[in-house]
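Here is what each chain is made of, one letter per residue.
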Amino acid sequence: MSTTEMANVVASAPNADGYKEFSLGGFHFRRDEFFAHITWPTGKHVISVDAFLRAMQRDVAWDFFYGTVNFDGVLGTVNHYGTVDLFAGRYNDAYRKAELDHVENFDSPQIRETFKAILDDWTIEGFDPFASPAETGKPFGVKVGSNVPAITRHRVTANRMVGVTGDEKVRTDATHPINRMFNDVTQDAPELHPEPGFEDEVAAFNLFAYLSRSDVTWNPSVVSQCKASLYCPTTEEYILPIIHGNDRVEWFVQLSDEIIWDVQDRDTGAPRAKVVMKAGDVAAMPGDIRHQGYSPKRSMLLVWENASAELPELIRTGRASVYPVDF
Ligand SMILES: [Fe+2]
């Protein structure tokens, strides 16, 4: 059996607009020409299919990421690293007070395969949910074709570092042309002079040149890893398609241009801060917030993650702070 069959994806025959409908526990997902319609035992919700597919693409590609992936103020997932919560209204004060909220926990393969099937069926020819809206077609209309290469891109996850022998490759004209917004980024490379015998152990690459060749937006890739320390740079344009709820501190280093961040309380959505990051700015996003970024021009952002598996529990039980440093 394929993984999909083992995970028992529950899908209907195509509806009047040509799209399959999907059930996962008490949740039901349906799309029409313009919208994703989500229902659960106590409520229903509608999201522009454009925003829905961009969010779904990240949740699938990042395998539910760290902490919470809010598609918007109502729908989202919480990663428990082995199981995943799918929720509606759970982190929305109004839904909680009206008792319309709902949450169900699934084994990761079950929700992963269902989400992959939704993304695959609902993404039509010409639409790339990872691309900037300026660089892709539209997701609207009745079902026409698909875009499997766009939604199954290789996810960069270096074991040591990009460019090290046997690890993720440095990008070239042949694999990754320079993006239209980064034509001014110099493409020189560091000189390497390793001692004899260490040619496979010493590596260096031009990170700016590497990022100038990214064909996706809002997609942190692991370019280096040292124990739990992960450098996850990304290029951004338009709006982060999810609202990320942290379960640990994240450091942001703005490498170029500017991003405006809306920062809210992770659990209620109450506004906490507006952060404008210009090139060279460094910020630490606390472990108890959710955040969404706006990038008016394609920019480069370095996200520095601590992948320690024990962090969420340490923070939850008060043994680790939600701040990286107290002043
Ligand atoms: Fe985050």
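Residues numbered from 1 in each chain as written. Predicted model: local features only at pLDDT ≥ 70, side-chain atom pairs only at ≥ 80, totals over all residues. Heavy atoms only, no water.

## Here we look at the overall build of the chain
Convention followed: The helix and strand labels rest on DSSP assignments: H or I over at least four residues marks a helix, E over at least two residues marks a strand, and numbering proceeds from the N terminus. With the radius of gyration taken over C-alpha atoms, the globule rule is written as 2.2 Å times the number of residues to the power 0.38. Think of it in three bands: with a 1.4 Å probe and only protein chains considered, a residue is buried below 20% of the maximum accessible area for its type, exposed above 50%, and partly exposed in between. Working rule for contacts: check all heavy atoms of both residues, and any pair within 4.5 Å makes them a contact.
Helix and strand counts for the chain come out as 7 helices and 17 strands. Relative to the globule expectation of 20 Å for 327 residues, the C-alpha radius of gyration of the chain, 20 Å, shows essentially globular dimensions. By the burial criterion, 47% of the 327 residues in the chain qualify as buried. For the chain, long-range pairs separated by at least 24 residues make up 61% of all intrachain contacts whose partners lie at least 6 apart in sequence.

## Observations concerning the sheet that holds strand β1 (residues 10–11)
Inclusion rule: One requirement defines pairing of two strands: DSSP has to find at least two bridges between them. All axes here are fitted lines through C-alpha atoms, helices being fitted over the stretch that makes contact, and every angle between N-to-C directions spans 0 to 180 degrees.
Strand order in the open sheet formed by 5 strands is β1-β2-β3-β4-β5, and the pairing between neighbours is antiparallel. Edge positions in the open sheet fall to β1 and β5 (43–48), since each of these has one partner strand only. By the bridge criterion, 2 bridges tie β1 to strand β2 (residues 22–24) in an arrangement that is antiparallel. Paired with Ala11 across the strands is Phe22, a residue of β2. Strand contacts of helix α2 (residues 49–61): β3 (27–31), β4 (35–40) and β5, with the helix running at about 90° to β5, the strand carrying the most contacts. Running at roughly 165° to β2, helix α4 (residues 108–122) makes contact with β2, β3 and β4 of the sheet.

## Thoughts on the side chain of His244
Counted only if it meets this: In protein, a polar contact means a hydrogen-donor-capable atom and an acceptor-capable atom, both N or O and within 3.5 Å, with residues adjacent in sequence counting only if both atoms are side-chain atoms; elsewhere, any N or O pair within 3.5 Å suffices.
For His244, the position within the fold is in strand β12 (residues 243–245). What makes His244 buried here is its relative accessible area of 3%. Here the side chain of His244 touches Tyr66 through a polar contact of 2.5 Å, landing on its backbone oxygen. Filtering out sequence-adjacent residues up to four positions away, His244 remains in contact with Phe65, Tyr66, Thr68, Glu250, Ile289, Arg290 and His291.

## Description of the packing of aromatic side chains
Using the following cut-off: For this analysis, a ring pair means two rings from Phe, Tyr or Trp (six-membered ring only for Trp) whose centres lie within 6.5 Å, classed as stacked if their planes differ by under 30 degrees, edge-to-face if by over 60, and tilted for the remaining angles.
For the structure on display, the rule yields 18 aromatic pairs. Between Phe71 and Phe115 the ring centres are 6.3 Å apart and the planes differ by 70°, which places this aromatic pair in the edge-to-face class. Placement of the pair is Phe71 in the loop between β6 (68–70) and β7 (75–79) and Phe115 in helix α4, with a sequence separation of 44 residues. For Phe115, a relative accessible area of 1% translates into the label buried. Through a chain of ring-to-ring contacts, the aromatic side chains of Phe22, Phe29, Phe52, Phe64, Phe71, Phe115 and Trp122 assemble into a single cluster.

## Focus on the pairing of strand β11 (residues 229–239)
Relative to β11, strand β10 (residues 224–226) runs antiparallel, the two sharing 3 bridges. What sits directly across from Cys226, in β11, is Ser229. Between β10 and β11, which follow one another and run antiparallel, lie 2 residues, and Lys227 among them has a positive phi close to 55°.

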